Amino acid sequence: MAAQIKTASELGLALSQASDIPEVIGALYGADALILTEADFSEEFLNLKTGLLGELFQKLVTYRLPTAVIVPDFGAHGARFSELAHEHARHPQVRFFKTEEEARKWLEHLAG
């Protein structure tokens, strides 16, 4: 059986404020994994000083929802963001990728 990997765009989701986080969790009911792209986030989410990205990641880990975040240029959002992406290179549930192909391969492997 193929893994149910959903993208935020196909679920009609965009992350712009903290109240969007529970909507993401609810929309993933029955799905195996999530792909988020840079375009799915507001600048506020990508600014690590707000804590929104950390809050989202914590919820995804708590609910055991494997998630791939696609950001082609980790450094585009600052040095700390780039560090975060590299720190998550081996995270068991939330990882950053530069392409959707890499992200899908990892998520399918997890579901397999």
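Our subject is the structure that appears above.
This write-up is about the structure you can find in this document.

Criteria and thresholds
- Counting starts from 1 at the beginning of each chain's written sequence and moves along it residue by residue.
- Reporting of local features is limited, given that this is a predicted model, to residues whose pLDDT is at least 70; pairs of side-chain atoms are given and counted only at 80 or more, and all residues count toward the totals for whole chains, interfaces and linings.
- Water and hydrogen atoms were dropped before computing side-chain values, which therefore reflect all heavy atoms in the structure.
- In this description, strands pair whenever DSSP reports at least two bridges between them.
- Working definition: helices are DSSP H or I runs of at least four residues, strands are E runs of at least two. Numbering for both runs from the N terminus.
- Angular values range over 0 to 180 degrees, each being the angle between N-to-C directions of two axes fitted as lines to C-alpha atoms, with helices fitted over their stretch in contact.
- The classification of residues rests on relative accessible area computed with a 1.4 Å probe and restricted to protein chains. Under 20% of the type maximum is buried, over 50% is exposed, and intermediate values are partly exposed.
- When the strands point away from the viewer and the path from the first strand over the helix to the second turns clockwise, the crossover is right-handed.
- For salt bridges, the criterion is a side-chain nitrogen of Lys or Arg within 4 Å of an Asp or Glu carboxyl oxygen.
- Pairs were defined over the aromatic rings of Phe, Tyr and Trp, the Trp ring being its six-membered one, requiring ring centres within 6.5 Å. Orientation was assigned from the angle between planes: stacked under 30 degrees, edge-to-face over 60, tilted for the rest.

Notes on the sheet that holds strand β2 (residues 33–37)
Right, so step 1: The sheet built from 4 strands is open, its strands ordered β1-β2-β3-β4 with parallel pairing. The two strands at the open ends of the sheet, each matched to only one other strand, are β1 (5–7) and β4 (94–97). Each strand axis lies, on average, 25 degrees off the axis of its neighbour in the sheet, ignoring direction.
Right, so step 2: Of the pairings in the sheet, the one linking strand β3 (residues 67–70) to β4 comprises 4 bridges and is parallel in character.

Let's talk about the pairing of β2
Right, so step 1: The buried count for β2 comes to 4 of 5 residues, which makes it a mostly enclosed element.
Right, so step 2: One ladder, built from 3 bridges, connects β1 with β2; its direction is parallel. Within β2, the position partnered with Lys6 by the bridge is Leu34.
Right, so step 3: What joins β1 to β2 is helix α1 (residues 20–27), and the crossover it makes is right-handed.
Right, so step 4: Note: β2 against β3, 4 bridges, orientation parallel. Following the sheet pairing, Leu36 is matched in β3 by Val69.

Some thoughts on the pattern of salt bridges
Right, so step 1: For the structure on display, the rule yields 3 salt bridges.
Right, so step 2: One salt bridge in this structure joins Arg80 and Glu83, with 3.4 Å as the shortest N-O distance. Residue Arg80 and its partner Glu83 are both found in helix α4 (residues 79–87); the two are separated by 3 residues, about one turn of the helix.
Right, so step 3: For Arg80, a relative accessible area of 42% translates into the label partly exposed.
Right, so step 4: In this structure, the salt-bridge partner of Glu87 is Arg80, at a minimum N-O distance of 3.4 Å.

A few points about the packing of aromatic side chains
Right, so step 1: In the structure shown here, the tally under the stated rule is 5 aromatic pairs.
Right, so step 2: Each ring, one from Phe74 and one from Phe96, has its centre 6.1 Å from the other, and the planes form 80 degrees; the classification is edge-to-face. Taken together, the residues Phe74 in the loop between β3 and α4 and Phe96 in strand β4 connect sequence positions 22 residues apart.
Right, so step 3: We classify Phe96 as buried; its relative accessible area is 6%.
Right, so step 4: Ring centres of Phe81 and Phe96 lie 5.6 Å apart, and the angle between their planes is 85 degrees; this geometry places the pair in the edge-to-face category.

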